[in-house]
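Descriptive structure summary
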Amino acid sequence: MRVIRFVDSDEKPRCAALTDDGQVYPLPYQEFMELIREADRLKTTPLTLVKRMISDVEPLAQSLEQLRLLVPIVAPEIWACGVTYEKSKEARNYEATAGKLDVTTFYDKVYDAWRPEIFFKSTSARTVGPDAPLSLRSDSNWQIPEPELGLVLDQHGTIVGYTIGNDMSCRDIEGENPLYLPQAKIWKDSCSIGPAIRLAETVPDPYSLEIICRIYRDQQQVVEGSASTRQLKRRLDELVSFLIQDNQIFDGTVLLTGTSIVPPNDFTLADGDRIEIQIPGIGILRNPVRALRKTMTALS
Ligand code: DO4
Ligand code: MG
């Protein structure tokens, strides 16, 4: 069972349940976390509550294509984990050492360290949903999407759902100096999530999810890659435990779990590209890309 958000006939955000046969049923909530809190108050599970609520209502659509989708959750904060897959470690080493693969870097160290890399990625205002444009920074020449499994957390750090996230990244800015990480990761519309949240209790094994990424340019597919959460170096509860350690976590926080799909090193996103990230069982997150215009020249 999945939950989406869409614009209803009164132009208001509204949650809906998306069943495994693709039917969409209205839910009486504007926000995903209202469902989680209501299930908690009634001492039931979100799945039981959703099933009860849709049992005697008509579907409002036969497919998501009929709806104007919104972010599935207005996440107050999005955090992200880094170097949780070997592929990411290799890509980071490539950009940091200009291809010299025989030196040991802090990326090698963090991959094996007890403490994972966790960084602040986005706020709700910088995050877009399905079909909305993602931006390209005007001061980077090497930008890629990072397709990631996203964990939807309540304020206690319990995983209440799974979604898809795109941790857009500037490889040249991070490669120049890792202290530039916030600039390599955070700018206007540099993160997308969606199209749906799969209720956690309906995912039997989050370590066997396939992640697929496709990038299209001028109607041609120019990149395709896939990975599995089986390749994750760390446990999901381990990542969450470091995020919540001595921290205040807000209901509906999303934690992205790292990427294992990296386009070829000579690839950079361009204005007009379209990105598709699919996790079977969650959906396909589609976003066009548009280049931001330079608004200032860096002082030299
Ligand atoms: O170390 C920088 C970020 C790595 C990252 O975002 C990832 O592995 O997904
Ligand atoms: Mg990432």
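Since this is a predicted model, take the numbers as computed values, not measurements. (Residues numbered from 1 in each chain as written. Chains lettered and ligands numbered in written order. Predicted model: local features only at pLDDT ≥ 70, side-chain atom pairs only at ≥ 80, totals over all residues. Heavy atoms only, no water.)

On a plain count of helices and strands, the protein chain comes out with 7 helices and 18 strands. Sequence-distant contacts in the protein chain: of pairs separated by 6 or more residues, those separated by 24 or more amount to 73%. Treating the 34 positive side-chain charges of the protein chain as one cloud and the 43 negative ones as another, the clouds have centres 2 Å apart. (Helix = DSSP H or I, 4+ residues; strand = E, 2+ residues; numbered from the N terminus. Contact = heavy atoms within 4.5 Å. Lys, Arg positive; Asp, Glu negative; His and termini not counted. Charge placed at Lys NZ, Arg CZ, Asp CG, Glu CD.)

It is worth spelling out the environment of Ile279 at this point. Relative to the helices and strands, Ile279 is located in strand S17 (residues 274-279). Ile279 sits in the buried class, given a relative accessible area of 0%. When the C-alpha atoms of Ile279 and Lys87 are compared, they prove to be 18 Å apart, with 192 residues separating the residues in sequence. Setting aside anything within four residues of it in sequence, one finds Ile279 in contact with Glu148, Leu149, Thr163, Ile164, Leu209, Glu210 and Ile211. (Buried < 20%, exposed > 50% of the residue type's maximum accessible area, 1.4 Å probe, protein only.)

We note that the domain assignment places domain 1 (2-66) and domain 2 (78-291) within the protein chain. Once you take the C-alpha centre of each, domain 1 and domain 2 turn out to be 27 Å apart. Facing the 14 residues of domain 1 at the interface are 17 residues of domain 2. Where domain 1 abuts domain 2, roughly 1,100 Å² becomes buried across the two surfaces, and 65% of that area is made up of carbon and sulfur atoms. A salt bridge links Arg198 to Asp20; its shortest N-O distance comes to 3.4 Å. Listed by contribution, the elements that provide at least two residues to the side of domain 1 that touches domain 2 are strand S1 (2-7), helix H1 (32-41) and helix H2 (46-54). Element by element, the count of residues in the side of domain 1 that touches domain 2 is highest for H1, at 5 residues. Class assignment of the residues belonging to the side of domain 1 that touches domain 2 gives a composition of 9 nonpolar, 1 polar and 4 charged. (Domains from an automatic or database assignment. Buried area = accessible area lost by both parts, 1.4 Å probe. Salt bridge = Lys/Arg side-chain N within 4 Å of Asp/Glu carboxyl O. Nonpolar A, V, L, I, M, F, W, Y, C, P; charged D, E, K, R; others polar.)

So, about the coordination of the magnesium ion (ligand 2). Glu146 (OE), Glu148 (OE) and Asp167 (OD) make up the full set of protein donors to the magnesium ion (ligand 2), lying at 2.0 to 2.1 Å. Of note, the magnesium ion (ligand 2) draws all its donor residues from one chain, in the sequence arrangement E-x1-E-x18-D. There is no split in this pair, since Glu146 and Glu148 are both buried. (Donors = N, O, S within 2.8 Å, 3.2 Å for Na, K, Ca; no water.)

A few words on the site of ligand 1. For ligand 1, the set of nearby residues contains 16 residues, the closest of which are Val83, Ser88, Glu117, Glu146 and Lys185. Taking Glu148, its side chain carries an N or O atom lying 3.0 Å from an oxygen atom of ligand 1. When ligand 1 sits alone it has 280 Å² of accessible area, and the protein chains cover 99% of it. Split by residue class, the shell around ligand 1 holds 5 nonpolar, 4 polar and 7 charged. (Near = heavy atom within 4 Å. Polar contact = N/O pair within 3.5 Å; in protein donor to acceptor, adjacent residues only side chain to side chain. Areas by Shrake-Rupley, 256 points an atom, 1.4 Å probe, with all protein chains shown as cover.)

Looking now at the packing of aromatic side chains. On inspection of all chains with the given rule, the structure shows 4 aromatic pairs. Centroid distance Tyr94 to Trp142: 6.4 Å. Interplanar angle 75 degrees. Geometry classified as edge-to-face. Here Tyr94 is found in helix H3 (residues 86-97), whereas its partner Trp142 is found in the loop between strand S8 (134-136) and strand S9 (143-144), with 48 residues between them in sequence. Each ring, one from Trp114 and one from Phe242, has its centre 5.1 Å from the other, and the planes form 75 degrees; the classification is edge-to-face. With a gap of 128 residues between them, Trp114 in the loop between helix H4 (106-112) and strand S6 (117-123) and Phe242 in helix H7 (residues 236-244) connect regions that are remote in the sequence. Above the face of the Trp187 ring, Lys121 is positioned so that its terminal group lies 5.6 Å from the ring centre. Cation over ring: Arg235 sits above Tyr207, and NZ or CZ is 4.0 Å from the ring centre. (Phe/Tyr/Trp six-rings, centres within 6.5 Å; stacked < 30°, edge-to-face > 60°. Lys NZ or Arg CZ within 6 Å of the ring centre and 35° of its normal.)

Applying the stated criterion across every chain yields a total of 21 salt bridges. Across the pair Glu11 and Arg68 runs a salt bridge whose closest N-O atoms are separated by 2.7 Å. Of this pair, Glu11 sits in the loop between S1 and strand S2 (13-18) while Arg68 sits in the loop between H2 and strand S4 (69-70), placing them 57 residues apart in sequence. Through salt bridges with shared partners, one network takes in Arg92, Glu95, Lys121, Glu146, Asp167, Arg171 and Lys185.

Turning our eyes to something else, we now look at H2. Taken residue by residue, H2 has Pro46, Leu47, Leu49, Val50 and Ile54 as its buried positions. One side of H2 carries all its buried residues, which in axial view fall inside an arc of 160 degrees. On its buried face, H2 is in contact with S2, strand S3 (24-26), H1 and strand S13 (191-199). (Arc of directions from axis to C-beta.)

So, about the side chain of Ser135. Inspection of the secondary structure assignment puts Ser135 in strand S8. Setting aside chain neighbours within four positions, we find Ser135 in contact with Met168, Trp187, Lys188, Asp189, Arg290 and Leu292.

All right, on to the pairing of strand S10 (residues 147-153) then. Counting buried positions along S10 yields 7 of 7 residues, so the element is predominantly enclosed. Side chains Pro147, Leu149, Leu151 and Leu153 of S10 all project onto a buried face; the interleaved residues Glu148, Gly150 and Val152 project onto the opposite face, where all are buried too. Sheet topology note: the S10/strand S11 (residues 159-167) ladder contains 7 bridges and is antiparallel. Residue pairing across strands places Pro147 opposite Asn166, the latter belonging to S11. With antiparallel pairing between neighbouring strands as the criterion, S10 and S11 make up a hairpin whose turn holds 5 residues, including Gly157 at a positive phi of roughly 90 degrees. Pairing of S10 with strand S16 (residues 253-256), which is carried by 4 bridges, proceeds in the antiparallel orientation. Residue pairing across strands places Val152 opposite Val254, the latter belonging to S16. (Pairing = 2+ DSSP bridges.)

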